[in-house]
Amino acid sequence: MMRAFVHLVILLLANTLQARTITVKAGTSLATALAVTAAGDTITVKAGTYREGTLTIAHPVVLLGEGWPLIDGGGKGDVLLIKADGVTVRGFVITGTAVSDINDNAGIKCVNAKNITISGNRVPQCFFGIHLSNVSHASIEGNTIYGDPATPEGRRANGIHLWKCDHTTITHNAVTNHRDGIYFEFVTDSRVDHDTSAFNSRYGLHFMFSHRDSYTHDVFHGNGAGVAVMFTHDVTMTDNHFDHNRGASAYGLLLKEINDARIERNTFSDNTVGLMLDGCNRTTVINNRFRGNGWAVRLFASSTATAFEGNSFSGNTFDL
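Because the structure is predicted, anything quoted here is derived from the model rather than measured.

Draft legend 1. Inspection of the overall build of the protein at higher detail. Looking only at helices and strands, the protein has two helices and 31 strands in total. Going through the 320 residues of the protein one by one, you find that 52% of them count as buried. In the protein, of all internal contacts separated by at least 6 residues, the share reaching a separation of at least 24 is 41%. Here the protein has roughly 13700 Å² of accessible surface; of this, 54% comes from carbon and sulfur atoms. Separation between the mean location of the 26 positive side-chain charges and that of the 29 negative ones in the protein comes to 6 Å.

Shown next as structure tokens:
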């Protein structure tokens, strides 16, 4: 009898702990569904518009959109706030942040978490698009993040913004018409690949104090300046395109106060300055193409132990 009782208790616990799938339809509350979820649950959100202010995810859940449901924050702050490990967000249109001079309001914000997946979303006309703070092991993949071209620079923030993160993958995203397309600060052991960052008012990619990172197969086109790498060591940039970054102080790629960088198989085309090195040590520049730039390369005397090999120069006003 006792053995049968124990077996029944185990079955009841297994059913209680089993992950559920909750379906939310237009006209019902997504906030209510999030409030009743348990760890491991999946919420499937059907097509429609959901206007509920800031929605907070406080448990490890999978949030899936079907038919591009729209989550509109109504200009009240963040739209989707992730505060738990092991969260996935996929298949949504997310808009309606507040614009602020004080708060970093974002379409999707994640703080103090790990094992996060944000993929296949559209984030139009948000202040910050996707914002990660103190996050480890995240994947940001296949998202489209776009601002309004008419928005003045003072009212723009960054498309993808990471602060104090590690082991993060940014891949196959498109970011346009923000301040910086992609911004890294204190981000380590991470990679950016197969992304497009275009028509951003300041930098296509801007990163500082971010070590052991790689940037490959990306396109930086038509930004105020292409890419700025500052106060960083052990950075690899290969197979990227730096195109049409024009202006009085524009460049395809700026390296400032960098140690141990590898710049290989990139194309620098139609930039005011293709590549500028200032205060860089042990930089390898190999098998790149420089074509149609104002200055192909500007190399400052503060840089030491720089090696150039196998690069091609064509149609530049000044090569070096």
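Anyway, onward from the coordinates.
Draft legend 2. Inspection of the nonpolar core at higher detail. Of all hydrophobic cores here, the largest spans 65 residues; its most connected members are Leu30, Leu132, Met237 and Leu253. With near-sequence residues (within four places) excluded, Leu30 lies in contact with Val24, Ile43, Val45, Tyr50, Glu52, Leu55, Leu63 and Ile71. Membership of the second largest hydrophobic core comes to ten residues, among which are Met208, Ala228, Met230 and Val273.

Draft legend 3. Focus on the pairing of strand β17 (residues 180–188). Within β17, eight of the nine residues are buried, which leaves it mostly tucked inside the rest of the structure. With six bridges connecting them, strand β14 (residues 160–166) and β17 associate as parallel partners. When the bridges of β17 are listed, Ile160 appears paired with Ile182. Inspection of the sheet shows β17 paired to strand β20 (residues 203–208) by five bridges, in the parallel sense. Across the sheet, residue Asp180 finds its bridge partner in β20, namely Tyr203.

Draft legend 4. Examining the side chain of Asp180 more closely. Relative to the assigned elements, Asp180 resides in strand β17. Among the polar contacts made by the side chain of Asp180, one reaches the side chain of His206 at a distance of 3.1 Å. Ignoring sequence-local partners within four residues, the contact set of Asp180 consists of Ala157, Asn158, Gly159, Asn200, Arg202, Tyr203 and His206.

Draft legend 5. Representation of unusual backbone geometry within the structure. The residue His194 is not glycine, and still its phi comes out positive at about 55 degrees. In this structure, His194 sits in the loop between β18 (191–193) and β19 (196–198). Look at Phe199: it is not a glycine, yet its phi comes out positive at around 60 degrees. By the secondary structure assignment, Phe199 is in the loop between β19 and β20. Judged by its relative accessible area of 46%, Phe199 falls in the partly exposed class.

Draft legend 6. Quick peek at the state of the cysteines. Tallied over the full model, the rule gives zero disulfides. Cys165 provides the cysteine sulfur closest to Cys110, a residue in no disulfide bond, and the two sulfurs are 8.1 Å apart. Taking the relative accessible area as the measure of exposure, Cys110 reaches 0% and is therefore buried. You can see Cys126 has no disulfide; the closest cysteine sulfur is in Cys110, sitting 16 Å from it.

Draft legend 7. Representation of the confidence of the model for the protein. Taken residue by residue, the protein gives an average pLDDT of 92. The fraction at 70 or more is 95%. The low-confidence segment residues 1–16, where pLDDT is below 50, has zero contacts with residues more than four positions distant or belonging to other chains.

Draft legend 8. Summary view of the environment of Lys109. Inspection of the secondary structure puts Lys109 in strand β10 (residues 106–119). Relative accessible area serves as the criterion here: at 12%, Lys109 is assigned to the buried category. Those residues in contact with Lys109, other than ones at most four positions away along the chain, are Asp78, Leu80, Leu81, Ile82, Asp104 and His131. Among the polar contacts made by the side chain of Lys109, one reaches the side chain of Asp78 at a distance of 3.3 Å.

Draft legend 9. Layout of the environment of Ala106. Within the fold, Ala106 resides in strand β10. When its relative accessible area of 0% is taken as the criterion, Ala106 is described as buried. Along the sequence, Ala106 and Thr284 sit 178 residues apart, while their C-alpha atoms lie 37 Å from each other. Excluding its chain neighbours within four sequence positions, the residues that come into contact with Ala106 are Asp78, Val79, Leu80, Thr97, Phe128, Gly129 and His131.

So, how was this worked out
- Residues numbered from 1 in each chain as written.
- Predicted model: local features only at pLDDT ≥ 70, side-chain atom pairs only at ≥ 80, totals over all residues.
- Heavy atoms only, no water.
- Helix = DSSP H or I, 4+ residues; strand = E, 2+ residues; numbered from the N terminus.
- Buried < 20%, exposed > 50% of the residue type's maximum accessible area, 1.4 Å probe, protein only.
- Contact = heavy atoms within 4.5 Å.
- Areas by Shrake-Rupley, 256 points an atom, 1.4 Å probe, with all protein chains shown as cover.
- Lys, Arg positive; Asp, Glu negative; His and termini not counted.
- Charge placed at Lys NZ, Arg CZ, Asp CG, Glu CD.
- Core = buried A, V, L, I, M, F, W, Y, C linked by side-chain atoms within 4.5 Å.
- Pairing = 2+ DSSP bridges.
- Polar contact = N/O pair within 3.5 Å; in protein donor to acceptor, adjacent residues only side chain to side chain.
- Disulfide = S-S within 2.5 Å.
- pLDDT = per-residue confidence, 0-100.

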